[in-house]
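Structural characterization, general
Chain by chain, the residues run as shown.
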Amino acid sequence: LSSSPADAAGKEAKKVKPEKMPVQPGDRIQFIKGDIKGEFLRVDMLVEGEKPIEAFPYDPENEVLRRKYRLNRLLVLKLNPDEMNEDTRARSVDGVLVFSALCTHRACTIKSWMPEERHMRCHCHLSRFAALEEGRVQDGPAKRQLPMVPVGLDEEGFVIAMETFTSKPGGAKK
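Residues numbered from 1 in each chain as written. Predicted model: local features only at pLDDT ≥ 70, side-chain atom pairs only at ≥ 80, totals over all residues. Heavy atoms only, no water.

Structural notes on the state of the cysteines
The condition is simple: Cysteine sulfurs are considered disulfide-paired once they come within 2.5 Å of each other. Strands are runs of DSSP state E lasting at least 2 residues, helices are runs of H or I lasting at least 4, and numbering of each runs from the N terminus. Here the term buried applies to any residue with accessible area under 20% of the maximum for its type, exposed to any over 50%, and partly exposed to those in between, with areas from a 1.4 Å probe on protein chains only.
In this structure the tally under the stated criterion is one disulfide. In this model Cys108 forms its disulfide with Cys124; the gap between the sulfur atoms is 2.2 Å. Across the disulfide from Cys108 to Cys124, rotation about the S-S bond amounts to roughly -110°, and the bridge is consequently left-handed. You can see Cys108 sitting in the loop between β5 (96–100) and β6 (112–114) and its partner Cys124 sitting in the loop between β7 (119–121) and β8 (128–130), a full 16 residues away along the chain. Accessibility expressed as a relative area gives 15% for Cys108, which makes it buried. Free of any disulfide, Cys103 has its nearest neighbouring cysteine sulfur in Cys122, separated by 4.0 Å. For Cys103, a relative accessible area of 1% translates into the label buried.

Considerations on unusual backbone geometry
The phi dihedral of Asp94 is positive, around 50°, even though this residue is not glycine. Relative to the helices and strands, Asp94 is located in the loop between α2 (86–90) and β5. Residue Asp94 is classed as exposed on the basis of its relative accessible area of 52%. Residue Glu134 is not a glycine yet carries a positive backbone phi of 60°.

If you want it as structure tokens, here you go:
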């Protein structure tokens, strides 16, 4: 069976624009705040143990920041790979970790960093997530760990997504 031109046009209209797509393999990570706003992530830009920095995935093929998809808000940080559990280390590159910035409880943006424990904390309902253990829930009402974006390096030395999120980002359904 062949489809009509109207069917083809309908399918084309439903195609998601690159800036509205979730993070994709090959996306670079672009900072959205601070002195490095607009720059693409390289391993040497981060100081081990410092507070995570907000970023969004950048589609280099279409040259668009995937910021129009709220669930793409990311937290980027660098920790000692020797302290990470095996699965976390496998999803990092030279200690760089990329997590969803949205709490899995009600999708509040995570803003707090607890450096001694290396936990990220949601200010809304105080859920805590262990950065060294794949974003595992440590405390609070959240039931799911923070999704990660497994990362690697491209040929130019930029940190890129190797896969999409490890699980669905955002809050739990009511």
